[in-house]
Each structure stands twice: as structure tokens, then as C-alpha cells.
Amino acid sequence: MKKVFILIVLIAAFFAFYTPKESNYSIYIKVAAIVIVMIGVMKLMQKVPSRNQENKEDEI
């Protein structure tokens, strides 16, 4: 699943940077690509533990 999100983020980032300016819908494509990148990164970082999580467990 992680590999799928990485692939989706990379493809969306490509479209965000390399959409031709002549297209009538280029701004919509860029906004959609940026939203997809942000959601993909959020899903990927969801599993990464916090640095402070270890300290909180020691205090309890």
C-alpha cells in the first residue's frame, strides 16, 4: 500500500510541475495535483511515530 501512495504522489507532483500553461484547465489540474500530493504525504506520514512518543510512554 505504501508503494502505491508513493507512486501516486510522484505522478501528482509531476503533473503539478509540468502542466502546460496553454491549457485552459491548467490551474485546476495543478490544484488537484497539489491536493493529491498533500493527501498522499499525509497518508504516508500517518504511520511514522512521533519523536516525543517515546518520552510520553516513559512518563506514564
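The shown structure was predicted, so the numbers you read here are calculated from the model rather than taken from an experiment.

Student: Give a description of the overall build of the chain that names residues and reports values.
Tutor: A count of helical and extended segments in the chain gives three helices and zero strands. Reading the chain from its N end, one meets helices and strands in the order α-α-α. For the chain, buried positions account for 15% of its 60 residues. Taken as a whole, the chain presents about 5700 Å² of accessible surface, with 66% of it coming from carbon and sulfur.

Student: Provide a residue-level description of the packing of aromatic side chains, including the pertinent values.
Tutor: Note on aromatic pairs: each is described by the distance of the centres and the angle between the planes. The tally for this structure, following the rule as stated, stands at three aromatic pairs. Centre to centre, the rings of Phe14 and Tyr18 are 5.1 Å apart; their planes meet at 40°, and the pair counts as tilted. When the ring of Tyr25 is compared with that of Tyr28, the centres are 6.4 Å apart and the planes differ by 40°; the resulting orientation is tilted. One aromatic cluster is present, built from ring pairs that chain together Phe14, Phe15 and Tyr18.

Student: Break down helix 1 (residues 2-17) for me, with residues and values.
Tutor: Between its first and last C-alpha atoms helix 1 spans 23 Å; for 16 residues at 1.5 Å apiece the expected length is 22 Å, and the two agree. Of the positions making up helix 1, those classed as buried are Val9, Ala12 and Ala16. Considered in projection along helix 1, the buried side chains sweep an arc of 70° and stay on one side of the axis. Exposed and oriented more than 90 degrees from the buried face of helix 1 are Lys3, Leu7 and Leu10. Residues of helix 1 that are buried sit in contact with helix 2 (26-45).

Student: Describe the side chain of Thr19, naming the residues involved and giving the relevant values.
Tutor: With respect to the helices and strands, Thr19 occurs in the loop between helix 1 and helix 2. Polar contacts involving the side chain of Thr19 include one to the main-chain carbonyl oxygen of Phe15, which spans 2.3 Å. If sequence neighbours within four positions are ignored, Thr19 has contacts with Ser26, Ile29 and Lys30.

So, how was this worked out
Residues numbered from 1 in each chain as written. Predicted model: local features only at pLDDT ≥ 70, side-chain atom pairs only at ≥ 80, totals over all residues. Heavy atoms only, no water. Helix = DSSP H or I, 4+ residues; strand = E, 2+ residues; numbered from the N terminus. Buried < 20%, exposed > 50% of the residue type's maximum accessible area, 1.4 Å probe, protein only. Areas by Shrake-Rupley, 256 points an atom, 1.4 Å probe, with all protein chains shown as cover. Phe/Tyr/Trp six-rings, centres within 6.5 Å; stacked < 30°, edge-to-face > 60°. Expected span 1.5 Å × (residues − 1). Arc of directions from axis to C-beta. Contact = heavy atoms within 4.5 Å. Polar contact = N/O pair within 3.5 Å; in protein donor to acceptor, adjacent residues only side chain to side chain.

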